[in-house]
Amino acid sequence: MKKRLSILLLMSMLFTLFASVGHAASPPPKLFLNGKPIISDVEPRIVEGSTLVPLAVLSEDLGYEVDWDGTIRKVTVKDDSTQIEMIIGESAVLVNGDIVETNVKPQLINWRTMVPVRFVGQLLGLDFEWKETEREVHMFDKQPEQPKPDPEQPGTDQPGTEQPGEEGTNGEGSETDTPDTGETDKPDEGESTDPEQEPQLETGYISSISLREDNVIHITNSGIHLPKAPLQLEEPRRLVFDFPATSYIPDLMAGFVNGQTGVKVEDNPHITGYRFSQFSADPLTARLVLEIGEDTGYVVKESRGLVEIALMPADQVPVPEPEPDPEPNLPEPDDGVFDIVIDAGHGGSDPGSESKSLNRWEKEFNLTVALMLQAELEKLDNVRVHMTRTDDTYIALLDRVAFAEEKKADMFISIHANSYTKTSVSGTETYFERENSKGLAEIMHKHLLGATGFNDRGVRQAAYKVIKETTMPAVLLESGYLSNPEEAKKLFDKNKQKDIVQAIVKGVKEYWNLK
């Protein structure tokens, strides 16, 4: 019996020893930000190849705003332009209202909330480097990329990424290979960029790119923006698709070699290969390059969460029928009543722009004006009002679009206020996206500008989701800048709000020729 106990004791000692050695061989990773170490009271740990860190690292060391809702075990991390919502144990992550999947779920470890730092950090604009020998995670603030010479030259076999300004569209003339998308952003998810330029687009993410057997490039995504047309380059012949304000999910970027993923295609007359990369960080641009045959045409089809690029013989590409000229005004509705959707931008967990001088948020202004507008429009006999929200509730952008389509609205008006990093920027802007909305935008801007008395920043065309994805005439109104203390004070003044509401009512009545 003693001999048996001794053997068991020896085995226990050996097991403990080997366990200690194994643990010593894999110490916890160390964290660095811009070369400086980050010290945490709970050690980071690697799970399924990803580094999990305590929530406090994101708030205390990286400076992001972090909220914890214990009732539903939800973590919210945000900066000025990005809001990330994660639920413990769930792989679906909400990024500015769009769903992104992560392989490593947030976890509770020893009653501490642990999140994948690389996944979160990249969405918030950090670069990462993993040093295997030292077992160190290095994080860096991203620096704007500068244009570089095109490493791909005709006659070389080495794959590269086309860069702007280096290669013409067909070897003739001086056109560059960076198409003008003609699209600008929606203001719903953060501050605008330079106010003399169009606002930034809402960030979209590509989650997979593959070639199907029927010669269709299959791109799954969340809210990406298509350029108006791809660029066609020669020697070798290829199509270049630039997706503005678009990145890739971290798992896809992890597979990049020399900054890109390349795929060769054998024995296919329409495509010999394709590659994709993060073409630029500022402005954020994802690029897809298709190396195509001499007689290859294409058709692009876009639906929610999916883009398909069908390759085919050039003579089989269908010719689209010309669209009829848009009518300046809608015809009289069948029941004699116009349906109008009033959209109070932001709401709930999405507060919109902030007035730091008043410590108030855009969502308050939007809802107040929208409710006042509802009351005034309902006084009109031949107008029926529908509200996307009537309280402090978060409504996803595509849900707002679906609501307007469901109501078969004759007009869509989205109420907003603007913001910028410089407090001196001011003015009133009116946005439209589709041509059938331009007339409404011009009428509405005229009245809105008269009501605010602010600088005239004009009628602008921009691809904001709520005015792009709807089909009825739709406008987005930016009454003024909450970042400007003087304008913010006026925008939250009840009398000024009444003036704005009356201006919108005048615009509605003029557009529909109502008395």
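Residues numbered from 1 in each chain as written. Predicted model: local features only at pLDDT ≥ 70, side-chain atom pairs only at ≥ 80, totals over all residues. Heavy atoms only, no water.

Peer 1: Got a sec to walk through the side chain of Gln83? Specific residues and values, please.
Peer 2: For Gln83, the position within the fold is in strand 7 (residues 83–87). Under the relative-accessibility criterion, Gln83 is labelled buried at 12%. From its side chain, Gln83 meets the backbone oxygen of Ser349 in a polar contact 3.2 Å long. Setting aside residues up to four positions removed in sequence, Gln83 forms contacts with Thr76, Val77, Lys78, Leu94, Val95, Asn96 and Ser349. (Helix = DSSP H or I, 4+ residues; strand = E, 2+ residues; numbered from the N terminus. Buried < 20%, exposed > 50% of the residue type's maximum accessible area, 1.4 Å probe, protein only. Polar contact = N/O pair within 3.5 Å; in protein donor to acceptor, adjacent residues only side chain to side chain. Contact = heavy atoms within 4.5 Å.)

Peer 1: Provide a residue-level description of the packing of aromatic side chains, including the pertinent values.
Peer 2: The relative placement of two aromatic rings is captured by the distance of their centres and the angle of their planes. Under the definition given, this model contains seven aromatic pairs. With a centroid separation of 6.0 Å and an interplanar angle of 65 degrees, the aromatic rings of Phe256 and Phe276 are classed as edge-to-face. Of this pair, Phe256 sits in the loop between helix 4 (250–253) and strand 19 (260–264) while Phe276 sits in strand 20 (residues 271–281), and the two are 20 residues apart along the sequence. Here Tyr431 and Tyr464 contribute two aromatic rings whose centre-to-centre distance is 4.8 Å and whose plane-to-plane angle is 50 degrees, an arrangement assigned as tilted. Highlighted residues: Tyr431 in strand 29 (residues 428–432) and Tyr464 in the loop between strand 30 (456–461) and helix 8 (465–468), separated in sequence by 33 residues. Its relative accessible area of 1% is what places Tyr431 among the buried residues. Residue Tyr464 is classed as buried on the basis of its relative accessible area, which comes to 0%. (Phe/Tyr/Trp six-rings, centres within 6.5 Å; stacked < 30°, edge-to-face > 60°.)

Peer 1: I'd like a description of the side chain of Glu308, backed by residues and values.
Peer 2: Structurally, Glu308 can be placed in strand 23 (residues 306–313). Within polar-contact distance, the side chain of Glu308 engages the side chain of Arg212 at 3.0 Å. Apart from the residues within four sequence positions on either side, Glu308 is in contact with Arg212, Val216, Ile217, His218, Val299, Val300 and Lys301.

Peer 1: Explain the environment of Leu482 residue by residue, including any values.
Peer 2: With respect to the secondary-structure elements, Leu482 resides in the loop between strand 31 (474–481) and helix 9 (485–491). According to the relative accessible area criterion, Leu482 is buried, its value standing at 1%. Taking the C-alpha atoms as reference, Leu482 lies 9.0 Å from Leu358; in sequence the two are 124 residues apart. Discounting chain neighbours no more than four positions away, the residues touching Leu482 are Ser353, Glu354, Ser355, Trp361, Glu362, Ala417, Asn418, Ala488, Leu491 and Phe492.

Peer 1: Quick one: what's the story with the packing of helix 7 (residues 438–452) against helix 10 (residues 494–512), residue by residue and with numbers?
Peer 2: In the contact formed by helix 7 and helix 10, the axes pass within 8 Å of each other and the chain directions differ by 150 degrees. Comparing the axis directions of helix 7 and helix 10 gives the class roughly antiparallel. Crossing handedness for the pair helix 7 and helix 10: right-handed. On helix 10, the residues touching Gly439, Leu440, Ile443, Met444, Lys446, His447, Leu448, Ala451 and Thr452 of helix 7 are Lys496, Asp499, Ile500, Ala503, Ile504, Lys506, Gly507, Val508, Glu510 and Tyr511. Tallied by class, residues from the contact of helix 7 with helix 10 come to 10 nonpolar, four polar and five charged. (Axes fitted to C-alpha atoms, helices over the stretch in contact; angles between N-to-C directions. Parallel < 35°, antiparallel > 145°, perpendicular 65-115°, else oblique. Left-handed = near helix turned anticlockwise from the far one by under 90°. Nonpolar A, V, L, I, M, F, W, Y, C, P; charged D, E, K, R; others polar.)

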